[in-house]
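Here is how the chains run, residue by residue.
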Amino acid sequence: MATAVLALQGAFVEHEGRLAELGEKSLELRSAEDLARPFDRLVLPGGESTVQGRLLRREGMLEPLARLVADGMPVLATCAGLILLAARIEDGVEDGRDRSGVRPARHLGTLDVTVVRNAYGRQLGSFHTRGAVAGVGDDVPMTFIRAPYVAEVGPGAEELARVDGRVVAVRQGAQLAVAFHPELDRDLRIHEALLAL
Ligand code: GLN
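Labelled according to an unreviewed UniProt entry, the protein appears under the name Pyridoxal 5'-phosphate synthase subunit PdxT, originating from Olsenella absiana. Note on the protein: under the UniProt heading Pathway (unreviewed entry), the record states "Cofactor biosynthesis; pyridoxal 5'-phosphate biosynthesis." As recorded by UniProt, the Sequence similarities (unreviewed entry) comment attached to the protein reads in full: "Belongs to the glutaminase PdxT/SNO family."

Next up, the structure:
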């Protein structure tokens, strides 16, 4: 079978490249019709969650995707993808405006976490580090780009990694979500973890 990569906006081509390096076929999801093609895993890429959320609704893909994930389809969500999965969303700083405390509508809402978008401020949201990710390994490269973080992990989800005291990776059943961009680094362990879910 294949891994379906949400290809409405953002860094989806890079995920396809990493999957190909692992010998995994991918197909792109751009419309509700694409959901009828056979696939057994899902990638929700980074990008801009507000734009992705709007396009998912316009294409009639939001509910079917939420149902697939809720029914247990394995999913790797990165950065904006993590925001798409989150059950609760809070805004941070956007376009220079402090929107702290604003709670935008959720999207798929299948992951029992609260995420804070653009949580580090514009400049500080982009940096590179390495760290341990539970179940994945030590010294995993982590590239953050205007990243969210997980402010609260609900009882349904489990924390996998922290950077500077903030949760940046979580898992809930077959949902694996990270605030960074594994598709932009050479390390393949996060994508291997998806294939192993
Ligand atoms: N700041 C973006 C958002 O809120 C996420 C950034 C990213 O995916 N690199 O959706």
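Draft legend 1. Local environment of the site of the ligand. With respect to spatial proximity, the complete set of residues near the ligand consists of Gly 46, Gly 47, Glu 48, Ser 49, Cys 79, Ala 80, Ile 83, Arg 117, Asn 118, Ile 145 and Arg 146. Here the residues of the shell around the ligand sort into four nonpolar, four polar and three charged.

Draft legend 2. Region of the structure containing the nonpolar core. Grouped together as the largest cluster of nonpolar side chains are 53 residues, with contacts concentrated most on Leu 82, Leu 85, Val 115, Val 168 and Ala 179. Examining the composition of this core, we find that five residues originate from one element, helix H4 (residues 80–85), more than from any other. Sequence-distant contacts of Leu 85, defined by excluding residues within four places in its chain, comprise Leu 44, Ala 77, Leu 108, Thr 110, Leu 111, Gln 175 and Ala 177.

The rules behind each value
- Residues numbered from 1 in each chain as written.
- Predicted model: local features only at pLDDT ≥ 70, side-chain atom pairs only at ≥ 80, totals over all residues.
- UniProt positions renumbered as here; feature names shortened; annotations may be inferred.
- Near = placed C-beta within 6 Å.
- Nonpolar A, V, L, I, M, F, W, Y, C, P; charged D, E, K, R; others polar.
- Core = buried A, V, L, I, M, F, W, Y, C linked by C-beta atoms within 7 Å.
- Buried ≥ 20, exposed ≤ 12 C-beta atoms within 10 Å, placed from the backbone.
- Helix = DSSP H or I, 4+ residues; strand = E, 2+ residues; numbered from the N terminus.
- Contact = placed C-beta atoms within 7 Å.

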